[in-house]
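Architecture at a glance
If you want the building blocks of each chain, they are given just below.
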Amino acid sequence: PSNQAVSSGSLATFTANATSVVSPTVQWQVNNGTGFANISGATSTTHRFTTSLADNSNQYRAIFTNIYGNATSNVAVLTLQSAPGISTQPTNQTASSGGSATFTAVANGTPAPTAQWQYNSDGLTWTDIPGATNNNYTESSLLPANNGWQYRVIYTNAVGNVTSNVAVL
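Residues numbered from 1 in each chain as written. Predicted model: local features only at pLDDT ≥ 70, side-chain atom pairs only at ≥ 80, totals over all residues. Heavy atoms only, no water.

1. Things to note about the packing of aromatic side chains
Overall, the coordinates contain nine aromatic pairs when judged by the stated rule. Aromatic pair F14 and F49: ring centres 6.4 Å apart, planes at 20°, arrangement stacked. In this pair, F14 sits in strand β2 (residues 11-15) while F49 sits in strand β5 (residues 46-50), placing the two residues 35 residues apart along the sequence. Exposure remark for F14: the relative accessible area of 0% places this residue in the buried category. Judged by relative accessible area, which is 14%, F49 ranks as buried. Of the aromatic side chains, those joined through ring pairs into one cluster are F14, W28, F49 and Y60. Positioned over the ring face of F36 is R61, at 3.8 Å from the centre of the ring. (Phe/Tyr/Trp six-rings, centres within 6.5 Å; stacked < 30°, edge-to-face > 60°. Helix = DSSP H or I, 4+ residues; strand = E, 2+ residues; numbered from the N terminus. Buried < 20%, exposed > 50% of the residue type's maximum accessible area, 1.4 Å probe, protein only. Lys NZ or Arg CZ within 6 Å of the ring centre and 35° of its normal.)

2. Describing the environment of Q29
On the secondary structure map, Q29 appears in strand β3 (residues 25-31). When the C-alpha atoms of Q29 and G69 are compared, they prove to be 17 Å apart, with 40 residues separating the residues in sequence. Discounting residues that sit within four places of it in the chain, Q29 has contacts with F36, A37, N38, I39, Q59, Y60, R61 and I63. Separated by 2.9 Å, the side chains of Q29 and N38 make a polar contact. One polar contact links Q29 to R61, side chain to side chain, over a distance of 2.7 Å. (Contact = heavy atoms within 4.5 Å. Polar contact = N/O pair within 3.5 Å; in protein donor to acceptor, adjacent residues only side chain to side chain.)

3. Description of the pairing of β2
Side-chain alternation along β2 places A12 and F14 on a buried face and L11, T13 and T15 on a face that remains uncovered. Pairing of β2 with β5 involves five bridges; the strand directions are antiparallel. Counted as the bridge partner of T15 is T46 from β5. (Pairing = 2+ DSSP bridges.)

4. Some words on unusual backbone geometry
The omega torsion of the bond from T110 to P111 falls at 0°, within 30 degrees of zero and hence cis. For P111, the position within the fold is in the loop between β10 (106-110) and β11 (114-120). Not every positive phi belongs to a glycine, and S57 is a case in point at roughly 75°. Along the chain, S57 turns up in the loop between β5 and β6 (59-66). In this model, S141 sits at a positive phi of 50°, which is unusual for a non-glycine residue. Along the polypeptide, S141 turns up in the loop between β13 (136-139) and β14 (150-156).

By themselves these figures say nothing about function.
Listed below in structure tokens is the structure:
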């Protein structure tokens, strides 16, 4: 079987096959941190189920058995992915002309999300800030014209994206 990465509540599918002169039976097992145990009713070469948060990081394997003995498949790991969620929103900043202002946000998700900061200077158009791909963004050498500019960050991963609240300079 191969490792699987899916969202909680979606289907995970593990497949394993074995060949022999005498067809083997199969029994899937799961290790949820306490050792491998048989999964009731999982006796097909494909084990498919709807995931829940409790399944994250579980290990799965298949045991094939016939009159000549048994063979154990490799172990496959289930990783539950989650869309980004922002745990720390950026806040409004006050700074002097010539100074700098730092905006901070934090997001979580699996896989870890990437960040892209944006600014809005006209109240209409959001523009990506080149290289602003961390949790912190510092606007330096501020001018009076920067007064009222808006900043936000978009976090993205394989599951989705989320946009932060707007912070004003």
